[in-house]
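Single-letter residue listing:
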Amino acid sequence: MPLGYWKKKNKSTKEHLVENEEVSGGHAGSGSFSKSSVNGAGLPPPPANLRPKLVFHTQLAHGSPTGRVEGFANVKELYGKIADAFNIRPPEILFCTLNTHKIDMDKLLGGQIGLEDFIFAHVKGIKKEVEVHKSEDALGLTITDNGAGYAFIKRIKEGSVVDKVKVICVGDHIECINGRNIVGIRHYEVARMLKELPRDKKFTLKLIEPMKAFEMLEPRSKGGKPVSDSKMGTGKGTLRLRSKGPATVEEEPTEFEEKAVSKVDDLLESYMGIRDTELAATMVEVGRDKKNPDEFAMALDETLGDFAFPDEFVFDVWGAIGDAKQGRF
């Protein structure tokens, strides 16, 4: 299907629930890739006895004993395992970081986990409601999500509208916009909703911040550099998680993969106001063997048909993948 005819499909409400893009919601480090094709995206998760027999250590980020989790194939199942380990409900988990208990967006868990990584789960803390005056078209927010239906703030641009509202912080889960509950709405839709709010009007946000231990209280973070700029994991391999299909153990990403994912993640932020290394990794994986932009567009439509990407964005992604292949970054 040529780019000019590539349109967003009509989806049912259920199909707009967040799977494991994410992080989104938003997903740590640049993605790694299977050497096989992406055609297995529609396969059901394998039975538990066929999943990789890997054990990971985990703690609650605000403080807890150490638990052990294993036998999960995606982010939702991981949250369920962590919840069982600490006798909490899975919806209490906002997001996870790797190898640090801090709210560090450079260490955000995404679609892969290093085989020696330690998982810290950040759970719901204080609820807050804030009124914001949209004095400019751009709010200065970058949105990602946790892979299980929660959109949260990944970056706040210094000097922006939101930066001046000091109660809003990186890591805050956006629960409601103007009274509308947005739990389960994909992060790119949340970014669009915020962008379309009328200028020179006030709007309200209901937020939930991650629970913090007293020793973790520190100056408000702007979100740091993009997660894809730093290598994820300390292990020699990674467990790649997918929203559809089995989890796989893979080698660390190549230089091409790291650079391509980083650039595509930057393009996602520029065009859509989101950062999502798992989505970026999937796009690079889809495009690495395609011969032209139209073929790439059709493959994206087949794999990620619930996203509406502008034609110019698809061209830029295609160019970024080509630049990475040629070592032009």
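Refer to the structure presented above.
None of the values given here were measured: they were computed from a predicted structure. (Residues numbered from 1 in each chain as written. Predicted model: local features only at pLDDT ≥ 70, side-chain atom pairs only at ≥ 80, totals over all residues. Heavy atoms only, no water.)

Undergrad: Got a minute to help me understand the overall build of the protein in this structure?
TA: Per the secondary structure count, the protein includes six helices and 12 strands. Looking at the protein as a whole, 54% of its 329 residues are labelled buried. (Helix = DSSP H or I, 4+ residues; strand = E, 2+ residues; numbered from the N terminus. Buried < 20%, exposed > 50% of the residue type's maximum accessible area, 1.4 Å probe, protein only.)

Undergrad: Before we go on, may I ask you to explain the environment of Ile174 in this structure?
TA: By the secondary structure assignment, Ile174 is in strand S8 (residues 173-177). Ile174 sits 16 residues away from Val190 along the chain, and the two C-alpha atoms are 8.7 Å apart. Sequence-distant contacts of Ile174, defined by excluding residues within four places in its chain, comprise Ile143, Ala151, Phe152, Ile153, Ile182, Val190, Leu194, Leu205, Lys206 and Leu207. (Contact = heavy atoms within 4.5 Å.)

Undergrad: So what exactly am I meant to see when it comes to the pairing of strand S2 (residues 67-70) here?
TA: Looking along a regular strand, one sees side chains alternate from face to face of the sheet. Of the two faces of S2, only one is covered, namely that formed by Gly67 and Val69; the face formed by Arg68 and Glu70 stays uncovered. Across four bridges, the pairing between strand S1 (residues 55-60) and S2 is antiparallel. Across the sheet, Val55 pairs through a bridge with Glu70, a residue of S2. Between the antiparallel neighbours S1 and S2 lie six residues, among them Gly63 with a positive phi of about 125 degrees. (Pairing = 2+ DSSP bridges.)

Undergrad: Before we go on, may I ask you to explain the pattern of salt bridges in this structure?
TA: Using the criterion set out here, one finds 14 salt bridges in the structure. For Glu209, the salt bridge is made with Lys128, and the minimal N-O distance between the two is 2.8 Å. Here Glu209 is found in strand S10 (residues 202-210), whereas its partner Lys128 is found in strand S5 (residues 119-133), with 81 residues between them in sequence. For the salt bridge of Asp163 with Lys166, the shortest nitrogen-to-oxygen distance reads 3.8 Å. Lys166 gets classed as exposed once you look at its relative accessible area, which sits at 52%. Overlapping salt bridges bring together Arg155, Asp265, Asp266, Glu269 and Arg275 as one network. (Salt bridge = Lys/Arg side-chain N within 4 Å of Asp/Glu carboxyl O.)

Undergrad: Just checking my understanding: could you explain the layout of surface pockets for this structure?
TA: Approximately 650 Å³ is the volume attributed to the second largest pocket. In terms of lining, the second largest pocket is formed by 28 residues, of which the most central are Leu141, Ala191, Lys195, Met272 and Gly273. If you list the elements that add at least two residues to the lining of the second largest pocket, you get strand S6 (141-145), strand S7 (151-156), helix H2 (187-195) and helix H3 (255-272). A per-element tally of the lining of the second largest pocket places H2 first, with six residues. Here the lining of the second largest pocket is built from residues that sort into 12 nonpolar, six polar and 10 charged. (1 Å grid on protein atoms, 1.4 Å probe; cavity = no way out; pocket = protein on both sides within 12 Å on 5 of 7 lines; lining within 4 Å. Points joined across faces, edges and corners; volume = space filled by probe spheres on them. Nonpolar A, V, L, I, M, F, W, Y, C, P; charged D, E, K, R; others polar.)

Undergrad: How do you make sense of H2 when you look at a structure like this?
TA: Because each turn of an α-helix spans 3.6 residues, side chains separated by three or four positions end up pointing in the same direction. With seven of nine residues buried, H2 is to be regarded as a mostly interior element. Buried within H2 are the following residues: His187, Tyr188, Glu189, Val190, Ala191, Met193 and Leu194. Elements in contact with the buried residues of H2: S6, S7, S8, strand S9 (180-181), S10 and H3.

Undergrad: I'm lost on the pairing of S10 in this one. Help?
TA: Relative to S10, S5 is paired through eight bridges, and the arrangement is antiparallel. From the neighbouring strand, Glu131 faces S10, where its bridge partner is Thr204. Pairing of S8 with S10 involves four bridges; the strand directions are antiparallel. Its bridge partner lying in S10, Ile177 is registered against Leu205.

Undergrad: I tried to follow the packing of aromatic side chains on my own but got confused; where do I start?
TA: Summed over all chains, the structure comprises six aromatic pairs. Summarising the aromatic geometry, the rings of Phe95 and Phe152 are spaced 4.7 Å apart at their centres and angled 20 degrees between planes, so their arrangement reads as stacked. On the criterion of sequence distance, the pair formed by Phe95 in strand S3 (residues 93-98) and Phe152 in strand S7 is long-range, its members being 57 residues apart. With respect to burial, Phe95 and Phe152 carry one shared label: buried. Ring plane angle 35 degrees and centroid distance 5.9 Å describe the contact between Phe296 and Trp318, whose orientation is recorded as tilted. Of this pair, Phe296 sits in helix H5 (residues 293-303) while Trp318 sits in helix H6 (residues 311-325), placing them 22 residues apart in sequence. Every member of this aromatic cluster is reached through a ring pair, and the members are Tyr271, Phe309 and Phe313. (Phe/Tyr/Trp six-rings, centres within 6.5 Å; stacked < 30°, edge-to-face > 60°.)

Undergrad: Any chance you could explain helix H1 (residues 75-86) here in plain terms?
TA: The end-to-end C-alpha distance of H1, which contains 12 residues, comes to 17 Å, matching closely the 16 Å that a straight helix rising 1.5 Å per residue would cover. Restricting attention to buried positions, one finds in H1 the residues Val75, Leu78, Tyr79, Gly80, Ile82, Ala83 and Phe86. For H1, the elements touching its buried residues are S1, S2, S3, strand S4 (112-114) and S5. (Expected span 1.5 Å × (residues − 1).)

Undergrad: Whenever I open this one, unusual backbone geometry confuses me. Can you help?
TA: For residues besides glycine, phi is generally negative; the peptide bonds are generally trans as well. With a phi close to 50 degrees, Asn178 is a non-glycine residue in the positive phi region. Looking at the element boundaries, Asn178 is found in the loop between S8 and S9. In the Ramachandran plot, Asp200 falls in the positive-phi region, its phi being about 65 degrees despite a non-glycine side chain. A relative accessible area of 52% places Asp200 in the exposed class.

Nothing here speaks to function; it is all geometry.
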